[in-house]
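What follows is each chain in one-letter form.
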Amino acid sequence: MATFLYKLGRLAFRRRHFVALIWVALLTLAGVGAASAPPAGTTSFSIPGTEAQKAFDLLEERFPGTSADGATARVVFKAPAGEKMTDAGHRATVEKTVGDLADGSEVASAVDPYTGNAVSEDGTIAYASVRYDVSGMELEDSTKDALEDAAQQARDAGLTVEIGGDALQAVPHTGATEIIGIGVAAVVLVITFGSLVAAGLPLLTALIGVGIGVASITALASALELGSTTSILAMMIGLAVGIDYALFIVSRYRAELAEGREREEAAGRAVGTAGSAVVFAGLTVVIALVGLAVVNIPMLTKMGVAAAATVAIAVLIALTMVPALLGYAGRRVKPAGAKGKLLGRRAPREDADRNADTRTAEKRQPKDNLGTRWARFVVRRPVAVLLLGVVGLGAAAVPAASLELGLPDDGSQPTSTTQRRAYDLLSEGFGPGFNGPLMVVVDAKGSDAPQQVFTDVSNEIKGLDDVVAVTPPAPNKAGDTATITVIPDSKPSSVQTEDLVHAIRDAGGDIKADTGAETLVTGSTAMNIDVSQKLNDALVPYLVLVVGLAFLLLIVVFRSILVPLKAALGFLLSVMAALGAVVAVFQWGWLSGLMGVEETGPVMSMMPIFMVGVVFGLAMDYEVFLVTRMREAFVHGEQPGQAVVTGFKHGARVVTAAAVIMMAVFAGFIGSSESMVKMIGFGLAIAVFFDAFVVRMAIVPAVLALLGKKAWWLPKWLDRALPNVDVEGEGLRTAEERGADPDEDRALVRT
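Residues numbered from 1 in each chain as written. Predicted model: local features only at pLDDT ≥ 70, side-chain atom pairs only at ≥ 80, totals over all residues. Heavy atoms only, no water.

**Observations concerning the overall build of the chain**
For the chain, the count of helices and strands is 25 helices and 11 strands. With 751 residues in all, the chain has 54% of them scored as buried. If you take every contact in the chain between residues at least 6 apart in sequence, the share linking residues at least 24 apart comes to 79%. (Helix = DSSP H or I, 4+ residues; strand = E, 2+ residues; numbered from the N terminus. Buried < 20%, exposed > 50% of the residue type's maximum accessible area, 1.4 Å probe, protein only. Contact = heavy atoms within 4.5 Å.)

**Observations concerning empty space enclosed by the protein**
Counted according to the given criterion, the structure contains four cavities of 30 Å³ or more. Taken as a whole, the second largest cavity holds about 60 Å³ of empty space. In this structure, the second largest cavity is lined by Thr205, Ala206, Gly209, Val210, Gly238, Gly242, Ala246, Thr310, Ala314, Ile317 and Ala318. Class assignment of the residues belonging to the lining of the second largest cavity gives a composition of six nonpolar, five polar and no charged. (1 Å grid on protein atoms, 1.4 Å probe; cavity = no way out; pocket = protein on both sides within 12 Å on 5 of 7 lines; lining within 4 Å. Points joined across faces, edges and corners; volume = space filled by probe spheres on them. Nonpolar A, V, L, I, M, F, W, Y, C, P; charged D, E, K, R; others polar.)

**Considerations on the pattern of salt bridges**
One pass over the full model with this rule turns up 21 salt bridges. Close ionic contact of Glu162 with Arg421 constitutes a salt bridge, the shortest N to O distance being 3.0 Å. Taken together, the residues span a long stretch of sequence, with Glu162 in strand E4 (residues 160-165) and Arg421 in helix H14 (residues 418-430) at a distance of 259 residues. The closest approach of N and O atoms between Asp424 and Arg420, which form a salt bridge, is 3.1 Å. Residue Asp424 and its partner Arg420 are both found in helix H14; the two are separated by four residues, about one turn of the helix. Overlapping salt bridges bring together Arg10, Arg14, Glu264, Glu265 and Arg269 as one network. (Salt bridge = Lys/Arg side-chain N within 4 Å of Asp/Glu carboxyl O.)

**Some remarks on a negative patch on the surface**
On the surface, Glu140, Asp141, Asp145, Glu148 and Asp149 cluster together to form a negatively charged patch. On the secondary structure map, Asp149 appears in helix H5 (residues 141-156). (Patch = residues over 30% accessible without salt bridge, like charges linked within 9 Å, V, L, I, M, F, W, Y side chains within 5 Å. Areas by Shrake-Rupley, 256 points an atom, 1.4 Å probe, with all protein chains shown as cover. Lys, Arg positive; Asp, Glu negative; His and termini not counted. Charge placed at Lys NZ, Arg CZ, Asp CG, Glu CD.)

**Some points on the nonpolar core**
Among the nonpolar cores identified, the biggest contains 164 residues, and Tyr245 and Phe666 are the most heavily contacted of them. Looking at this core element by element, the count peaks at 19 residues for helix H22 (residues 675-707). The residues touching Phe666, leaving out its near neighbours within four places in the chain, are Met236, Ile237, Ala240, Leu618, Gly681, Leu684, Ala685 and Val688. (Core = buried A, V, L, I, M, F, W, Y, C linked by side-chain atoms within 4.5 Å.)

**Some remarks on the environment of Ser120**
Following the sequence through the fold, Ser120 ends up in the loop between strand E2 (107-111) and strand E3 (125-132). Along the chain, Ser120 and Met85 lie 35 residues apart, while their C-alpha atoms are 9.0 Å from each other. Ignoring any residue separated from it by four or fewer positions in sequence, one finds Ser120 in contact with Ile125, Gly429 and Phe430. At a separation of 3.4 Å, a polar atom in the side chain of Ser120 contacts the main-chain amide nitrogen of Thr124. (Polar contact = N/O pair within 3.5 Å; in protein donor to acceptor, adjacent residues only side chain to side chain.)

**Points about unusual backbone geometry**
If you check the backbone angles, Asn296 has positive phi at about 65° while not being a glycine. Positive phi is not limited to glycine here, since Asp466 has a value of about 65°.

**Examining a nonpolar patch on the surface**
Taken together, the side chains of Phe18, Ile22, Leu26 and Leu29 define a hydrophobic patch exposed on the protein surface, amounting to about 390 Å² of accessible area. Relative to the helices and strands, Phe18 is located in helix H2 (residues 16-36). Taking relative accessible area as the criterion, Phe18 reaches 53% and is therefore assigned exposed.

**Focus: H22**
In the structure, H22 departs most strongly from a straight axis at Val695, where the bend amounts to approximately 40°. H22 sits mainly inside the fold: 27 of its 33 residues count as buried. A positive phi of about 65° marks Gly708, the residue just after H22. (Bend = angle between axes of the 7 residues up to and from the residue.)

**Concerning the pairing of strand E1 (residues 72-78)**
Where E1 lies against E3, seven bridges are found, and the strand directions are antiparallel. Along E3, the bridge assignment pairs Val76 with Tyr127. In this sheet, E4 lies alongside E1 in antiparallel orientation, the contact comprising six bridges. Within E4, the residue paired with Val75 across the bridge is Ile163. (Pairing = 2+ DSSP bridges.)

**Digging into the side chain of Thr483**
Examined against the element boundaries, Thr483 turns out to sit in strand E9 (residues 481-488). Among residues more than four places away in sequence, those in contact with Thr483 are Leu59, Phe63, Met439, Val440, Val441, Pro472, Pro473 and Ala474.

**So, the sheet that holds E2**
Across the sheet, which stays open at both edges, the four strands sit in the order E2-E3-E1-E4 with antiparallel pairing between neighbours. Sheet topology places E2 and E4 at the edges, where each strand pairs with a single neighbour. Sheet twist, expressed as the mean angle between neighbouring strand axes with direction ignored, is 20°. Against the sheet, helix H4 (residues 88-102) contacts E1, E2 and E3, and its axis sits at roughly 170° relative to E2. Sheet strands touched by H14: E1, E3 and E4. Its angle to E4, the strand with the most contacts, is close to 105°. (Axes fitted to C-alpha atoms, helices over the stretch in contact; angles between N-to-C directions.)

**Looking at the environment of Ala126**
Relative to the helices and strands, Ala126 resides in strand E3. Residue classification places Ala126 among the buried residues on the basis of a relative accessible area of 0%. Separated by 47 residues in the primary sequence, Ala126 and Ala79 place their C-alpha atoms 8.7 Å from one another. Excluding its chain neighbours within four sequence positions, the residues that come into contact with Ala126 are Val75, Val76, Phe77, Met85, Pro113, Ala118 and Val119.

**Quick notes on the packing of helix H20 (residues 607-635) against helix H21 (residues 640-667)**
H21 packs onto H20 with a crossing angle of 160° between their chain directions and a minimal axis gap of 7 Å. The pairing of H20 with H21 is recorded here as roughly antiparallel in orientation. The two elements H20 and H21 meet at a crossing, and its hand is right-handed. (Parallel < 35°, antiparallel > 145°, perpendicular 65-115°, else oblique. Left-handed = near helix turned anticlockwise from the far one by under 90°.)

**Overview of H20**
Taking 1.5 Å per residue as the helical rise, H20 with its 29 residues ought to reach 42 Å, and the 40 Å between its terminal C-alpha atoms agrees with that figure. Along H20, the helix axis deviates most sharply at Val627, where the bend reaches about 25°. Burial analysis of H20 places 27 of its 29 residues in the buried class, the great majority of the element. Two residues or fewer past H20, Gly637 is found with a positive phi of approximately 105°. (Expected span 1.5 Å × (residues − 1).)

**Looking at the packing of H4 against H5**
At a minimum axis distance of 10 Å, the contact between H4 and H5 shows a crossing angle of 170°. Regarding the angle of H4 to H5, the classification is roughly antiparallel. Our pair here, H4 against H5, has a crossing hand that is right-handed. Note on element contacts: H5 touches H4 through Ala146, Leu147, Ala150, Gln153 and Ala154, opposite Thr93, Lys96, Thr97, Asp100 and Leu101. Considering only residue class, the contact of H4 with H5 consists of five nonpolar, three polar and two charged.

**Some words on the confidence of the model for the chain**
Looking at the chain as a whole, its pLDDT mean stands at 81, while 88% of the residues score no less than 70. When mean pLDDT is compared element by element in the chain, helix H13 (residues 382-397) scores highest at 93, while helix H25 (residues 746-750) scores lowest at 37. Note that pLDDT drops below 50 for residues 343-365; the model gives that stretch 39 contacts with residues more than four away or on any other chain. In the predicted structure, residues 734-742 sits below a pLDDT of 50 and forms 13 contacts with residues beyond four places in sequence or in another chain. (pLDDT = per-residue confidence, 0-100.)

**Considering the packing of aromatic side chains**
In this structure the tally under the stated criterion is nine aromatic pairs. Among the aromatic residues, those joined into a ring-pair cluster are Tyr127, Phe430 and Phe434. When the ring centre of Phe13 is taken as origin, the NZ or CZ atom of Arg16, which lies over that ring, is 5.4 Å away. Above the face of the Tyr114 ring, Arg91 is positioned so that its terminal group lies 4.4 Å from the ring centre. (Phe/Tyr/Trp six-rings, centres within 6.5 Å; stacked < 30°, edge-to-face > 60°. Lys NZ or Arg CZ within 6 Å of the ring centre and 35° of its normal.)

Given below as C-alpha cells:
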C-alpha cells in the first residue's frame, strides 16, 4: 500500500498539469450535468415491509387516480373575537377564496368548510382542503403564489388565515452559519500552517471535491429521486473529511521537508504514509455510510450512498490533487516549524540552492509542543485520566436514557411559519389529534359481505380509547376496499397515539381471523411510527455489521486485537454522549435558544442509527491518524510509553486542527431551516468534540499506556494470515536505510 501510494504521490507531483486538468474537467463535466439536468421531482418516501407502506400501495391499486402523492393544503380561517365563521360575510369570503383556488390549473379539488363539515363546534375556526395533481416540490411558483394571494385577500377581509400542508414546501437552506463554519476552518488552517498558501490547499481541494459530488447528485437527482437533504448531507460530510484528509497529507509533507527531503520525494512519502491512513480512514466512513442500506429505507440508503461517494472523491483528491498542488506551490509551502511572516515568525533563509532547506532543518531543535507535554502527563497518570474521561462521557450520556423518537411534522416547525400557525389553529379548533389523522384501509376482497365488514371495523374502532371521531367507511368503485379516517384524541407524536395505532392493528387481527378481511393502518402518523420501529429494529444488526467490518479493517491496519477493540468501545462512549447532548438540546430544550431550536419535541427517528454510522466513520479517522503514528514509532523500536508520546508529538496538533475544522463545518449547518439538517449538524459537531478531545486525546493514550506492549499483541497465526498493508511506510524506510531507491527495491518492499 505505502509503495503504491508513494509512487502515486510522486507521479501526481511530476505530472501536476495533467492531474489538475483531469479534476478540473471532472468538475466542469459535473457542473454542466447539474445545469442541464431536469429539476428534481417528487421524492418518494417508502418503507418496504411495513404495514403503513403496504396500505399505501393497496390504496394506489384499489383507488386509482386519487393523486395519493399530490400536494395538499389546509387553508385555516379564524373569525375575529366575538364573531363566528358561519356569519354571512365571513362565509362569503371563504367561499370566494375556495372558488379562486379551485380555478388553478394544478388543483385537483378544493372543498370549502361548509360542504365538507370542517367548521369547529364553537364556530370560530374552519378550514378548506385543497389537493393538487403534483407534489409540493413540483408545484409551479404561480400556483404557490395563487394560494398565498387567496389567503391574503381573506386576511384583508378581516379573517386570520394560515396555510398548512406541504403545498408551500420549500427547499431547505443552510443559512449564513455554513459560510462562518468554512471561515473558521480557514482560520484554523492558517494558524496551523502559518501560511496562506498551505492553508488554502486543503480548502481548495475540499471545495473541488464537494463541488463534483454535489453537482453529480444534482445531475442525478431527478433520475434517482434524490431529495434536497441528500445534497446537503453530502456537502456537510464531504467538506469535513475533504479538508481533514488534505490537512493530514500537507502536514506530513511539511514534516518530510523538515527532515531534509527533496520536495518530490517528500510528496511521495507524505502520500505513502499519511495517504495510507487517509485510505483506511475513508474506507471506514464509506463502510458506515453504505451500511445504512441494511435499514431498508430507500431514502436513507440514497443519502448514505451519495455521501459515501463524496467521501470517496475526497480520498482520491487527497491522494492525487493535493500532491499536484504542492508541486505548483513549490517553496511557498515551508517545512514544519518554519512558519512564514504571516504569524510574526521569521521564515528560515532559503537560498537558490535546494540544500538550504536541508541544512536549516538539521539545525532546528524544536521544543516540546503541547501535545508532547499532554501525552507525557497521560502516560504518568493513565488511571486518573481514564476514569475522568469515562465518567465525564457517562454523565453526558445520561439524557439519552430519556430518548423519545419521532419524525418532524408541522408541529415542530418554528412558530414564525404559517404551517406551524395553521397546525396550532387546527389543534385549537378541532383537538390536537386532528393534525395526525389515521387512515384505516379495510381489504374485504375475500369476504362474502364486504359492507358488513366495513361496518364492523368502524364500530370496533369507535370503542377504542383515545378516539375522538371515526368517519363512515368510504368504499372504492368495486366495493371490496374501504377507507376509514380516525381522529385520535392526542397529538400525532404522543405515546397515546402510538398505542392507538397498535390497538387498531390488534383489533384488525381478530377481524381477519373471523372474516378473512385485512385491516391496515396508514397515514403520516402511522408511517412515522413504523419508521421509528423499523429503525430501532435495524440498529443492532447495523451496529454489528459496521463495527464488525471496521474492526476487521483496523486489525489489518494496526496488526493488533486490543487497539481496534479499544477504538470501538471508545466510539460507543462518544456516540452515547452525543445522543445525550442531542436529547438535552432538542428534546429537553437546554440551550435551545442558542442553537436556534424554536420548538422542542421527539428526536428524529433516524438520528440514532445515522449518528452511529457517520460518527463511527469519523471517529475512526482520528483513531487511524493518531494511532498509526504511535505504531510507526513502536515498530521502529521505541518503548510503548514513548511511542504514545511520539505519536502525540507528530499528530496531536494536526488532529486537533482537523477536529476543530470538522466541528466548525458541522456546526455551520445548525443554521439550516430544515430541522433534520439542524439536528444532524449539532449532533455530529458535538460527537466530534467528544470523540476527538475526550476519547482519542485522553482515553486512548491512557489505555495504551496501561496496556504497554500488550496493546500491539497479535496471534502469530493471525499475523501470518493478514496481508501486510504497511500503513506506516516501513518498506519505504527500510529501502532508505539500505541506501536504495524505493522505486528500484520493489520486490523487497512487497515482501
